[in-house]
Amino acid sequence: MTNSVRTRFAPSPTGYPHVGNIRTALFAWLFARHYEGSFIVRIEDTDVTRKVKGAVEAILDSLRWLGLDWDEGPYFQSERLEIYHKAAKRLVSQGDAYYCYCSPQRLKEMRAEQVKHKQPPGYDRHCRDLSQEERAQKEAEGVIPVVRFKTPLEGQTGFNDLIWGDVVFDNSTIDDFILLKSDGYPTYHLANVVDDHLMGITHVLRAEEWLSSTPRHLLLYQALGFKPPQFAHLPMLLGAGRAKLSKRHGAVSITEYREQGYLPEAMVNFLALLGWSRDDRTEVLSRQELIDNFSLERVSRTAAIFNRDKLNWMNGVYIRSLALEDFTQRALPFLNKGLPLEVERPLPMEYVRQIMPLIQERARTLAEVPELAQFLFVDELDYAPSLLIAKNMSQVSTVKALELAKQRLEQLEVFDAESLEAMLRPLAVELGLKTGQLFGTLRVAVTGQIAAPPLFQTMAVLGKERCLRRIEVALAKL
RNA sequence: GGCGCAUUCGUCUAGGGGUUUAGGACACCUCCCUCUCAAGGAGGAGAUCACCGGUUCGAAUCCGGUAUGCGCUACCA
């Protein structure tokens, strides 16, 4: 089917996958899936100097983690050099490109001069009209040339961006950009255009920063005789203060979010809402709902700031919506990693399953699970004795309450939440205490914390023995 | 410097000439629920829609200018 939509994600492996890039991938993927088209991954590894080891795997891993499955690829541009060479050569022989022998040194000086005279920096087209002889001489000198595009000096190049509408540029503002570098690698412009054509890409969804380069690409498509795809430039992603998203705004690499315990579902949902909206009220959308509803018409044109708070909230929503067993399985690696070393491994799964319902409602990220659950695993609780004494209580009344509670607890046969509640509520009355006072004291004794999951359930999962022992320890502290 | 683009509550956004006293969400505050926390429920505060001018009976919505921000202006992508 020749009309079917084909989009691509074409990252450059110069670092770990940035959330901004991944958001771009997400949109391209959603667009392809919405139209039941194909999503292609292409690695644009044409900058040898900036290539980072392991980046490709990290990028692919991230896509897999988020469930952004691809239908073709990954293709590697570094393996397609001949194709670009052929294209460049063809452009030269057609008269649409030329060899440039200018040294980096000369270019640098030229630019400095231009800036000094407040002129727009750009190549001065020194080699554009070199004669046969001049070229032969440079070749003889052993100068390895680059190939530059012979940009039309006049006229305009415009296009209709699916998101930004009509955009027009004067060709005179575009210089003779490089197509093929002297190391034999193509620049983005050449490789991208050639590959998008060869791979049958129908819609190019890419970051906004490419908007100004699009006329060059269009000019290239024209010179090459290729039909250009449709373009859709996505708004950028920024950090707090509208600054470029960077480390100081928290994680920028998607892999870090994974390590910090964010769910891929939440991440996808959250990222989708950065620059796109379904309507004026829907915040939580499943993967399928995202696919069903996605459209470029609803993509915004303004840069979005990555809002951690909202991500945290959304992640909590997704965590709470998980089936218990699912949550347990996902939390387990975090528990194993985050619980103190003294806690014996492997963790007792029967016990883990019992405590998970208490934790699931309270965790916003999986990384919070160990700290929320720690008191349920460790043998010794570390807390200030003063915490045991509740509001309007004294040491004496606290000791009395704890002792009586201990006594009654020892007699309790069935140690479940209902029985505990049935026993402890009247006990508060008996002691002349408010439930908050008694329960608060017990909570600290049993959990070492003033904030914890509901007391009766907590005590039930801890079990009679452990509770009694902890109360004894508390009494000893007083 | 040149070219391009953008500008609605702190943030993400809805809005596409009158139905808007500009709606929702996060965060924040209050109250309710309640053994604490979390979750949930009900409220509150928060945007003269960057500014100026124009078009129009009527503009956040259309047009122009200004300001600010961002992007591109590399043998980086």
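Everything quoted here is computed from the prediction, not taken from an experiment. Position numbers for residues count from 1 along each chain, tracking the sequence in the order it is written. Each chain gets a letter, beginning with A, and each ligand a number, beginning with 1, in the order they are written. Where local features are concerned, this predicted model is filtered to residues with pLDDT of at least 70; where side-chain atom pairs are given and counted, the filter is 80 or more; whole-chain, interface and lining totals use all residues. For side-chain calculations, the full set of non-hydrogen atoms in the structure is used, while hydrogens and water are omitted.

Asker: Before we go on, may I ask you to explain the protein's contact with RNA strand B in this structure?
Answerer: For this description, a residue counts as near a given molecule or strand if any of its non-hydrogen atoms is within 4 Å of it. As a structural note, the neighbourhood of RNA strand B is formed by 66 residues, with Trp164, Lys181, Arg362, Arg443 and Ala452 the closest of them. Close to the protein, within 4 Å, the atoms of RNA strand B are drawn from sugar and phosphate at a rate of 69%. Polar contact criterion, stated in full: a pair of N or O atoms within 3.5 Å, where within protein one must be able to donate a hydrogen and the other to accept it, and residues adjacent in sequence count only if both atoms are side-chain atoms. For RNA strand B, a sugar or linking oxygen lies 3.1 Å from a polar atom in the backbone of Leu273. A distance of 2.6 Å is found between a phosphate oxygen of RNA strand B and a side-chain nitrogen or oxygen belonging to Arg425. Only DSSP runs of H or I with at least four residues qualify as helices, and only runs of E with at least two residues qualify as strands; both kinds are numbered from the N terminus onward. Of all elements in the fold, only α4 (104–116), β5 (146–149), β7 (165–170), β12 (304–305), α11 (308–321), α17 (435–447) and α18 (455–462) reach the threshold of two or more residues within the surface near RNA strand B. A class-by-class count of the residues in the surface near RNA strand B yields 30 nonpolar, 12 polar and 24 charged. Each residue gets one label: Ala, Val, Leu, Ile, Met, Phe, Trp, Tyr, Cys and Pro are nonpolar, Asp, Glu, Lys and Arg are charged, and the others, such as Gly, are polar.

Asker: Looking at this model, I keep getting lost on the packing of helix α15 (residues 395–411) against helix α16 (residues 417–431). Mind explaining?
Answerer: Packed helices, taken two at a time, are described by the angle their axes make and the gap between the axes. An axis is simply a line fitted to the C-alpha atoms; with a helix, the fit covers only the stretch in contact. Between two such axes, the angle follows the N-to-C directions and lies from 0 to 180 degrees. Viewed as axis vectors pointing N to C, α15 and α16 meet at an angle of 145°, and their least axial separation amounts to 11 Å. Relative to α16, α15 is oriented so that their crossing is right-handed. Judged by residue contacts, Lys400, Ala401, Leu404, Ala405, Arg408 and Leu409 of α15 engage Leu420, Met423, Leu427, Glu430 and Leu431 from α16. Class assignment for the residues of the contact of α15 with α16 results in 8 nonpolar, no polar and 3 charged. For a crossing to be left-handed, the near helix must be turned anticlockwise from the far one by less than a right angle; the clockwise case is right-handed. In this analysis, two residues are considered to be in contact whenever any of their non-hydrogen atoms come within 4.5 Å of each other.

Asker: Quick question: what am I supposed to make of the sheet that holds β5 here?
Answerer: Strand pairing within a sheet occurs via backbone hydrogen bonds; the two strands may be parallel or antiparallel. Pairing between strands is defined by DSSP: at least two bridges between them are needed. Strand order in the open sheet made by the 3 strands is β4-β5-β8, with antiparallel pairing throughout. Edge strands, defined here as strands with exactly one partner in the open sheet, are β4 (97–100) and β8 (178–180). Looking at each pair of strands side by side, their axes are set apart by 40° on average, direction ignored. Looking at chain direction, β4 and β5 are connected through 4 bridges and run antiparallel. In the strand pairing of β5, Ala97 is matched with Phe149. Contacts between helix α3 (residues 81–94) and the sheet are confined to β4, β5 and β8, with β4 contributing the most and set at about 100° to the helix.

Asker: Help me understand the sheet that holds strand β2 (residues 38–43), please; the structure alone is not making it clear to me.
Answerer: Ordered by their spatial adjacency, 3 strands build an open sheet running β1-β2-β3, and the pairing between neighbours is parallel. Each edge of the open sheet is held by one strand with a lone partner, namely β1 (6–9) and β3 (72–76). Strand-to-strand twist across the sheet, computed as the mean angle between neighbouring axes with direction ignored, equals 25°. Of the strand pairs in this sheet, β1 and β2 are connected by 4 bridges, and their pairing is parallel. Residue pairing across strands places Arg6 opposite Ser38, the latter belonging to β2. This element, helix α2 (residues 55–66), spans β1, β2 and β3 of the sheet and lies at about 160° to β2.

Asker: Would you explain the domain arrangement of chain A in this entry?
Answerer: Note: interface size is frequently given as the accessible area lost on complex formation between the parts. Residue ranges for the domains originate in an automatic or database domain assignment. As assigned here, chain A comprises domain 1 (1–76 + 235–321), domain 2 (81–190), domain 3 (324–369) and domain 4 (385–477). Its C-alpha centre places domain 1 at a distance of 33 Å from the equivalent point of domain 2. Taken over both partners, the interface formed by domain 1 and domain 2 buries close to 850 Å², and the fraction arising from carbon and sulfur atoms is 63%. Among the residues domain 1 hides against domain 2, the three largest losses belong to Thr46, Leu296 and Arg301. Together they make up 54% of the total. Basic side-chain nitrogens of Lys or Arg form a salt bridge, by our definition, when they fall within 4 Å of a carboxyl oxygen of Asp or Glu. Our enumeration of links across domain 1 and domain 2 arrives at 0 salt bridges. The residue inventory of the side of domain 1 that touches domain 2, partitioned by class, reads 4 nonpolar, 2 polar and 5 charged. The quantity reported as buried area is the accessible area (1.4 Å probe) lost by two parts once they are put together, taken as the sum for both.

Asker: Sorry if this is basic, but what is going on with the side chain of Asp195 here?
Answerer: One can find Asp195 in helix α6 (residues 188–198). Three exposure classes are used, based on accessible area relative to the maximum for each residue type with a 1.4 Å probe and protein chains only: buried under 20%, partly exposed in between, and exposed over 50%. Note on Asp195: relative accessible area 0%, which makes it buried. Each residue touching Asp195, except ones within four places of it in the same chain, is listed here: Arg42, Gln77, Arg80 and Tyr84.

Asker: Honestly, helix α7 (residues 214–224) in this entry has me stumped. Any pointers?
Answerer: Since one α-helical turn is 3.6 residues long, residues separated by three or four positions face the same way. Buried residues dominate α7, accounting for 9 of its 11 residues. The complete set of buried residues in α7 reads Thr214, Pro215, His217, Leu218, Leu219, Leu220, Tyr221, Ala223 and Leu224. Following α7 by one or two positions, Gly225 has its phi on the positive side, about 75°.

Asker: It is not clear to me how the nonpolar core should be interpreted in this structure. Could you clarify?
Answerer: Looking at soluble globular proteins, one finds that nonpolar side chains tend to be buried together. In this text, buried Ala, Val, Leu, Ile, Met, Phe, Trp, Tyr and Cys residues form a nonpolar core when linked through side-chain atoms within 4.5 Å. By size, the foremost hydrophobic cluster in this structure holds 114 residues, and its most contacted members are Met267, Phe306, Leu335, Leu376 and Phe377. The leading source of residues in this core is helix α1 (residues 19–34), at 10 residues. In this view, Leu335 contacts Arg345, Leu347, Val352, Met356, Val369, Pro370, Ala373 and Phe377; residues no more than four positions away in its chain are not counted. Formed by 33 residues, the second largest nonpolar core is a distinct cluster that contains Val147, Leu190, Met199 and Phe231.

Asker: So what exactly am I meant to see when it comes to the packing of aromatic side chains here?
Answerer: For any pair of aromatic rings, the description rests on two quantities: the centre-to-centre distance and the angle between the ring planes. Note on ring pairs: Phe, Tyr and Trp rings are taken, using the six-membered ring of Trp, and paired if centres are within 6.5 Å. Classes follow the plane angle, with under 30 degrees stacked, over 60 edge-to-face and the rest tilted. Across all of its chains, the model carries 11 aromatic pairs by this definition. Where Phe159 meets Phe231, the ring centres are 6.0 Å apart and the plane angle is 65°; that geometry is what we call edge-to-face. Taken together, the residues Phe159 in strand β6 (residues 156–161) and Phe231 in strand β10 (residues 230–234) connect sequence positions 72 residues apart. Aromatic rings pair up to connect Tyr257, Tyr262, Phe270 and Phe306 into one cluster. Only when the NZ atom of a Lys or the CZ atom of an Arg is both within 6 Å of the ring centre and within 35 degrees of the ring normal do we say a charge sits over the ring. Note that Arg148 overlies the ring of Tyr123, its terminal NZ or CZ placed 3.6 Å from the centroid. A cation sits over an aromatic face here: Lys477 above Tyr383, 4.4 Å from the ring centre.

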